[in-house]
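These are the residues of each chain, in order.
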Amino acid sequence: MVGYDPRAQGSALSPEEAALAGSAAGMVTRALISPLDVLKIRFQLQIERVSSPKGKYQGLFQATRCIYSEEGVSAFWKGHVPAQLLSICFGAVQFASFELLTEAVHNSTLYDSQTAGVHFLCGGLAACSATVVCQPLDILRTRFAAQGQTKVYRNLRHAVFTMWRSEGGLSFYRGLSPTLLAVFPYAGLQFFFYNVFKKLLPPPTTAGDSAGKGLLGSLVCGSGAGMISKTLTYPFDLFKKRLQVGGFEAARAHFGQVRSYRGLVDCAVQIAKDEGVRGFFKGLSPSLVKAALSTGFTFFWYEVFLIAMHSLKQRQRTNSSTRGLEER
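Here the structure is a predicted model, which is why all the values come from computation and not from measurement. Every chain's residues receive numbers from 1 upward, in the order its sequence appears when written. For this predicted model, a pLDDT threshold of at least 70 governs which residues receive local features, and a threshold of 80 or more governs which side-chain atom pairs are given and counted, while totals over whole chains, interfaces and linings are taken from all residues. Hydrogens and water are ignored here; the side-chain numbers use all heavy atoms of the structure.

### Brief notes about helix H2 (residues 60-71)
- Over its 12 residues, H2 extends 16 Å from the first C-alpha to the last, a length consistent with the 16 Å expected when each residue adds 1.5 Å.
- The buried label goes to any residue with under 20% of its type's maximum accessible area, the exposed label to any with over 50%, and the partly exposed label to all in between, with areas taken from a 1.4 Å probe on protein chains only. Only DSSP runs of H or I reaching four residues or more are called helices, and only runs of E reaching two or more are called strands; each is numbered from the N terminus. Listed as buried for H2 are Ala63, Cys66, Ile67 and Glu71. Taken around the axis of H2, the buried residues stretch over an arc of 95°, which confines them to a single face. Residues of H2 that are exposed and point over 90 degrees away from its buried face: Phe61, Arg65, Tyr68 and Ser69.
- Buried-residue contacts for H2 involve helix H1 (15-45). Expected span of a helix, by definition, is 1.5 Å for each gap between consecutive residues, and there is one gap fewer than residues. Taking the helix axis as origin, the arc is that swept by the directions to the C-beta atoms. Any two residues whose heavy atoms approach within 4.5 Å at even a single point are treated as in contact.

Below, the structure written as structure tokens:
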């Protein structure tokens, strides 16, 4: 079970173990869903309507064919190095913080640390702490995924030095406000619905099929939680992406119209004026597919690595006990 559980005797999770499992889960998940992330970012940054013939990308399959024919299959993993670093760092900080926060709730309040409401609050706060730590990597990931055939940044080091010289250190925290506004309810709802859905699952009939059904349940529950939370908070994710590529307009000209925004409110007003209400949900289709897979796989792999670590600890305890009895 995700989060501190006082009823799990002898298998309480340390923050270090949570960080290790979270980073490993993030790494595996990122490698699997990177193409959907690139598609989502391209849609979010397009000013023209997705259904309009004037827009470069007009649908999920058309965009996939277009990117593949113009930039090759490797384009679907553009920015993968900073994205992978982001996923590893974010997963480690988020899950370690979540374990610490749920344990603090159990030790300091009268609330049960395994309730959905506690998971919403702790999940949102854990994601905010991970966002502040990892925002520069998110900026770099977005810019690599946004650039077309004309490369503005040759590699990760070149991107860091170029942004630092031309835009200053604060450029690595562009879009932080809408990111925090979006990530708290998004992550909170992920943990909330994951908790709710897991409790709705029937208990395993035998001990033998407990692990298998539990992991499959984690995948299904995580996917459902990801889709619901993404739909409810999607406009903030779009605002974040638009603000993150500020000062990056030259590389975007190849894809169509470009816009400059003075801040979160100006971004929302301009999108509503130029693109309508539907503009707030550009790229929602690949985002929902990505959210289902990303959240489902994250919780699935997190539980897989936890089970593996618990099995390893139990084996070590058994071996040490056996050695102790032999020495006697």
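### Remarks on the pattern of salt bridges
- Here, a salt bridge means any Lys or Arg side-chain nitrogen found within 4 Å of an Asp or Glu carboxyl oxygen. The full count for this structure, using the stated rule, is 14 salt bridges.
- Across the pair Arg42 and Glu71 runs a salt bridge whose closest N-O atoms are separated by 3.1 Å. Linking Arg42 in helix H1 with Glu71 in helix H2, this pair joins segments that are 29 residues apart in sequence. Neither Arg42 nor Glu71 differs from the other in exposure class; each is buried.
- For Lys56, the salt bridge is made with Glu70, and the minimal N-O distance between the two is 3.0 Å. Of this pair, Lys56 sits in the loop between H1 and H2 while Glu70 is found in helix H2, placing the two residues 14 residues apart along the sequence.
- Judged by relative accessible area, which is 29%, Glu70 ranks as partly exposed.

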